[in-house]
Amino acid sequence: MAIKKACVIGAGVMGSGIAAQIANAGVPVLLLDIVPKEGADRSAIAKGAIEKLLKADPAPLMSKAAAKLITPGNTEDDLDQLADVDWIVEAVIERLDIKQALYQKLEGKRKKGSILSSNTSTIPLATLMQGLPDSIQADFCITHFFNPPRYMRLLEIVGGAKTRPQVISDVSDFGDRMLGKTIVRAKDTPGFVGNRIGVFWMQAAVTAALDLGLTVEEADTIMGRPIGAPKTGLFGLLDLVGLDLMPHVDKSMASLLAPDDAYMKLRRPWPLLEKMIADGYTGRKGKGGFYRLNTAGGAKVKESIDLKTGEYSPSDRARLDSADAAKGGLKALVGHKDKGGQYAWRVLSQLLSYAASLVPEIADDVVAIDQGMKTGYNWKRGPFEMIDQMGAAWFAEKLAAEKMPVPPFLEKAAKAGGFYKTEAGRIQHLKPDGSYTPLTRPDGVLLLSDIKLGTKPIMKNGSASLWDIGDGVACLEFHSKMNALDPDSLGLVKQAVDHVGKKMKALVIHNEAENFSVGANIGLALFAANIAMWPMIDDMIGTGQSAYKAVKFAPFPIVGAPAGMALGGGCEILLHCAAIQAHAETYMGLVEVGVGLIPGWGGCKEMLLRYQPGARDPKGPMPPVAQAFETISLAKVAKSAHEAKEMRFLRQDDAITMNRDRLLYDAKQKALALVAANYQPPAPQELRLPGATGQVALKLAVEGFAQQGKALPHDVTVSGALAEVLTGGKTDITEIVTEDQISKLEKRAFMHLLRTNPTLARMEHMLTTGKPLRN
């Protein structure tokens, strides 16, 4: 059954967030809650939740327009609307009696065969279904989202003994394709997958920090990037999720786990945590937590708590040699002799052996558990990938040498050579019986990382590679640091266009890094400017313009497939593609003014073309110029692919993929569809631009902002250069301006700004601090 309409009951943070993500997928959703005790509006709670969604940052909605797909209501007056709802998600308070009463109330109101699921994270499915009729049990499952639902990719799905297989299939497919989730089929066990291991990790890390006498900063330094966890580390994460949540999670886990479970041995009273919660130090949502901002005296001073005394003092960056050693891998980290290395081993030895003891109890295979931790806790590697990085045999031997238990599954991995191996270009994973089985991707998933296992690139250099992804389609991959674009990147763009034009059908521009591209390598440009190598910079701008022009007018389709940040030059190459298949979490923008420059690789030109009036747009030469000027001068960035359409970085017929794992496949299919439709490149366009009169109008507006203190002196200079480009320079509306003429204006303005000291200061400040300089 296709899910065409949904309902979420419970309009709290999680419930409203789930409703927002369903609306982000373009699916209508009801959002219901109880009738408030006071006030005349019986649906005030759900309506208030939608208002909060529109104001929240980070935004739960990918576009404010998505809020129109959420219909508020209440559980007293609006249950009749469930008659055409395909999926009902319960996200009410974690009380068994309230949940079961709601399920009974829904019978007779919901559509026959509709799916009913709970977002519970603490109550087992078997307990939820006790005493309920088979008609409910057949349609019921657990769908456990992670917070915030838009940004966290994990969706754990748990079926019961009486759950229809079609229920699991339908909700899994919807969660995958429409909501963009990584689906993990978990067993009906405490904490499912993510929290069973994640809560153990936090408990083990806190306990070890206390036992070994580490500071908050030292613990976070090791439990962050060195082990492949987010940089918040341990105590920073606890501050983020809320300290007051931890006792409830611990109590829930303890009530469900067997007395001999390894987690139970980690539990102990922690008076400091109890006192912090009682005093209102519940983390970022309270007065602070393990870290706080002290504003006494006017200045903001970051402080951290002493885990022994409970006193706060200015936070000091931890300096541990073991953290540096971690660059050589986990084995180097846990083998280091300083207290950071000892701490890492104490935590990871317990955590990873615990994970190895849980297969197949919590999930059928290691892949599900690794995926769960990577997408639910944002770990770089799952626990079994961590073990393999150290070496399963080495890890097992070290456990045994320290008289620690070695789980049978780990012993099998040690003998076999690891939990994963690659044969004939395919990944295989170890099963609990000791045999290997191929890792099978879902239909419609194509990963560049998989392709790389079984083939070599068509061509490559230090910044980019070209891969054959089958059916006559090539993939151009950027792989410099943060995918910043340099002469090597641009050179391979031109070579790729030439190669595909001669030997293949189509090209996709895509990579699997966190960000598609953060733009041009400004460090290289700054270095060249500081030694007055102006011809080198001039050549780099010309090369970029030439490469992007080749992309735009290639006689075959080139499809951009971005995810993450696509800024500056990364945005510009996409603007020149025949089509774009964007991941929903694509953040596009032309941000060059932040470093005192303007787009130099065709961004100004392409935005002028994007803003040319359609049937409903204002006519005349100034509206497109004014819109492009506003977008570029304010360095506006679309915070989703849906916003990118609204801002015209994407065309209306460009497509959006919700699940990142499906992005390359979808882009390849789009490219092949364009081939099948006898793709023809666009003809160069001609524009009529306002020239000097337009420049005067734009400069007057900027001067007004300057007089109000909203624009600083160099903002005025940069905006003036941008205005000259967008208005066509020395022209007027009686003359034709070509694309090439605008490109020449871009290059001239770029080179002029680069020779100014304020621009060089902005570039240097961005490189050293990561933040824009206002001057």
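Residues numbered from 1 in each chain as written. Predicted model: local features only at pLDDT ≥ 70, side-chain atom pairs only at ≥ 80, totals over all residues. Heavy atoms only, no water.

## Section: the side chain of glutamine 137
Working step 1: Looking at the secondary structure, you find glutamine 137 in helix H5 (residues 134-137).
Working step 2: Judged by relative accessible area, glutamine 137 falls into the buried class, the value being 15%.
Working step 3: Only 2.9 Å separates the side chain of glutamine 137 from the backbone oxygen of leucine 132, close enough to count as a polar contact.
Working step 4: Leaving out residues up to four positions away in the same chain, glutamine 137 has contacts with Met129, Leu132, Lys162 and Thr163. (Helix = DSSP H or I, 4+ residues; strand = E, 2+ residues; numbered from the N terminus. Buried < 20%, exposed > 50% of the residue type's maximum accessible area, 1.4 Å probe, protein only. Polar contact = N/O pair within 3.5 Å; in protein donor to acceptor, adjacent residues only side chain to side chain. Contact = heavy atoms within 4.5 Å.)

## Quick notes on the nonpolar core
Working step 1: In this structure, Trp201, Phe235, Phe290, Tyr343, Phe384, Leu410 and Phe419 are the most contacted members of the largest nonpolar core, which totals 109 residues.
Working step 2: Within the second largest apolar cluster, 82 residues are counted, among which are Ile522, Val593, Met607 and Ala628. (Core = buried A, V, L, I, M, F, W, Y, C linked by side-chain atoms within 4.5 Å.)

## Describing the sheet that holds strand S12 (residues 420-423)
Working step 1: Within the open sheet, the three strands sit side by side as S12-S13-S14. Their pairing is antiparallel. A strand with exactly one partner marks an edge of an open sheet, and here the two such strands are S12 and strand S14 (436-438). Neighbour to neighbour, the strand axes of the sheet diverge by 35° on average, direction disregarded.
Working step 2: When strand S13 (residues 426-430) meets S14, the two strands line up antiparallel, connected through three bridges. Among the inter-strand pairings, histidine 429 is bridged to a residue of S14, identified as threonine 437. (Pairing = 2+ DSSP bridges. Axes fitted to C-alpha atoms, helices over the stretch in contact; angles between N-to-C directions.)

## Observations regarding helix H19 (residues 408-416)
Working step 1: Looking only at H19, the buried set comprises Phe409, Leu410 and Ala413. Down the axis of H19, the sector holding all buried residues measures 100°, keeping them to one side. Along H19, the residues that are exposed and aim more than 90 degrees away from the buried face are Pro408 and Lys415.
Working step 2: Lining the buried residues of H19 we find helix H15 (339-356), helix H16 (366-376), helix H17 (383-390), helix H18 (392-401) and S13.
Working step 3: Where H19 terminates, the next one or two residues include glycine 417, which has phi positive at roughly 105°. (Arc of directions from axis to C-beta.)

## Details of unusual backbone geometry
Among all residues save glycine, negative phi is the norm, and among peptide bonds the norm is trans.
Working step 1: A cis amide bond links asparagine 147 to the next residue, proline 148, at an omega of 0°.
Working step 2: With a phi close to 55°, alanine 424 is a non-glycine residue in the positive phi region.
Working step 3: As for its placement among the helices and strands, alanine 424 is situated in the loop between S12 and S13.
Working step 4: Despite not being glycine, methionine 482 shows a phi value in the positive range, around 55°.
Working step 5: Here methionine 482 lies in the loop between strand S17 (473-478) and helix H21 (487-503).
Working step 6: Using a relative accessible area of 48% as the deciding quantity, one classes methionine 482 as partly exposed.

## So, the pairing of strand S3 (residues 70-74)
Working step 1: As paired elements, strand S2 (residues 29-33) and S3 share five bridges and run parallel to each other. Among the inter-strand pairings, leucine 31 is bridged to a residue of S3, identified as proline 72.
Working step 2: The β-α-β motif built from S2, the intervening helix H2 (residues 44-55) and the parallel element S3 has right-handed crossover chirality. (Right-handed = clockwise from strand over helix to strand, strands pointing away.)

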